[in-house]
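# Notes for the structure review
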Amino acid sequence: MKRTELREHIFKLVFGVEFHPEEELEEQIQLYLEQKEIDGERDREYIAGKAQAIAAHIEEIDRLINQHSTGWKTKRMNKADLSVLRLAVYEMKMDEDVPVSVAINEAVELAKRFGGEDSSSFINGVLAKLASVDGK
């Protein structure tokens, strides 16, 4: 499976974090992987591992988002936009395998598919501010 497809599955799992208690995360991931019939063990592990890692760092990720989003805090954001941002911020700040530019581009594409009319520009703006802090 391509990284873009894997990322879409991770986004959907991160989106679900908002609607289920933390203690149900592992069960929700397994149910999702079974329902989507994701067979490759490597792909299953990648999706589950990254979704769990993002969930484990949500407070830190949300703090970064709140610091770089003007006029919007995570509690008020569209849940699809918030999920895209969480995934992208995790990739930018905590996943050394994903270049910052790739994380931003992929987030903008996810926003176009799953967000509202202005989601892609909003997400691009927040992530660009976050990237500029590191000079990347």
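Below: a short report on this structure.

Definitions and cut-offs
Residues numbered from 1 in each chain as written. Predicted model: local features only at pLDDT ≥ 70, side-chain atom pairs only at ≥ 80, totals over all residues. Heavy atoms only, no water. 1 Å grid on protein atoms, 1.4 Å probe; cavity = no way out; pocket = protein on both sides within 12 Å on 5 of 7 lines; lining within 4 Å. Points joined across faces, edges and corners; volume = space filled by probe spheres on them. Helix = DSSP H or I, 4+ residues; strand = E, 2+ residues; numbered from the N terminus. Nonpolar A, V, L, I, M, F, W, Y, C, P; charged D, E, K, R; others polar. Core = buried A, V, L, I, M, F, W, Y, C linked by side-chain atoms within 4.5 Å. Buried < 20%, exposed > 50% of the residue type's maximum accessible area, 1.4 Å probe, protein only. Contact = heavy atoms within 4.5 Å. Axes fitted to C-alpha atoms, helices over the stretch in contact; angles between N-to-C directions. Parallel < 35°, antiparallel > 145°, perpendicular 65-115°, else oblique. Left-handed = near helix turned anticlockwise from the far one by under 90°. Expected span 1.5 Å × (residues − 1). Polar contact = N/O pair within 3.5 Å; in protein donor to acceptor, adjacent residues only side chain to side chain. Phe/Tyr/Trp six-rings, centres within 6.5 Å; stacked < 30°, edge-to-face > 60°. Lys NZ or Arg CZ within 6 Å of the ring centre and 35° of its normal.

To continue, consider the layout of surface pockets. Looking at the largest pocket, its volume works out to about 390 Å³. At the level of secondary structure, the elements contributing two or more residues to the lining of the largest pocket comprise α1 (3–17), α2 (25–35) and α3 (41–56). A breakdown of the residues in the lining of the largest pocket according to their chemical character gives nine nonpolar, five polar and four charged.

This paragraph deals with the nonpolar core. Inside soluble globular proteins, nonpolar side chains tend to come together where they are buried. The biggest cluster of nonpolar side chains holds 41 residues, and the ones touching the most others in it are Met92 and Leu127. Of all the secondary structure elements, the ones that give two or more residues to this core are α1, α2, α3, α4 (58–68), α5 (79–94), α6 (100–114) and α7 (119–133). Per element, the largest residue contribution to this core is nine residues, and it comes from α5. Beyond its immediate stretch of four places on either side in the chain, methionine 92 contacts Val100, Ala103, Ile104, Leu127, Leu130 and Ala131.

Before going further, it helps to spend a moment on the packing of α6 against α7. For any two helices packed against each other, one specifies the inter-axial angle together with the distance between the axes. Here α6 crosses α7 at 160 degrees, and the two axes come no closer than 8 Å. As judged from the angle between their axes, α6 and α7 are roughly antiparallel. For the element pair α6 and α7, the recorded crossing hand is right-handed. Only Ser119, Ser120, Ile123, Asn124, Leu127 and Ala131 of α7 make contact with α6, whose side of the interface consists of Val100, Ile104, Ala107, Val108, Ala111 and Lys112.

With 16 residues, α5 extends 21 Å from end C-alpha to end C-alpha; this agrees with the ideal 22 Å at 1.5 Å per step. With 13 of 16 residues buried, α5 is to be regarded as a mostly interior element. By the N-cap criterion, in which a side-chain oxygen at the helix start approaches the backbone nitrogen of a residue two or three places on, α5 is capped by asparagine 78, the distance to alanine 80 being 2.7 Å.

The tally for this structure, following the rule as stated, stands at three aromatic pairs. Ring plane angle 35 degrees and centroid distance 4.8 Å describe the contact between phenylalanine 11 and phenylalanine 114, whose orientation is recorded as tilted. Linking phenylalanine 11 in helix α1 with phenylalanine 114 in helix α6, this pair joins segments that are 103 residues apart in sequence. Taken together, Phe11, Phe15, Phe19 and Phe114 form an aromatic cluster joined through their ring pairs. Between the NZ or CZ atom of arginine 76 and the centre of the ring of tryptophan 72, over which it lies, the distance is 4.6 Å.

Moving on: the side chain of serine 69. The residue serine 69 is located in the loop between α4 and α5 in this model. Residue serine 69 is classed as buried on the basis of its relative accessible area of 5%. Of the polar contacts made by the side chain of serine 69, one reaches the backbone oxygen of tryptophan 72; its length is 2.5 Å. Among residues more than four places away in sequence, those in contact with serine 69 are Met77, Phe122 and Val126.

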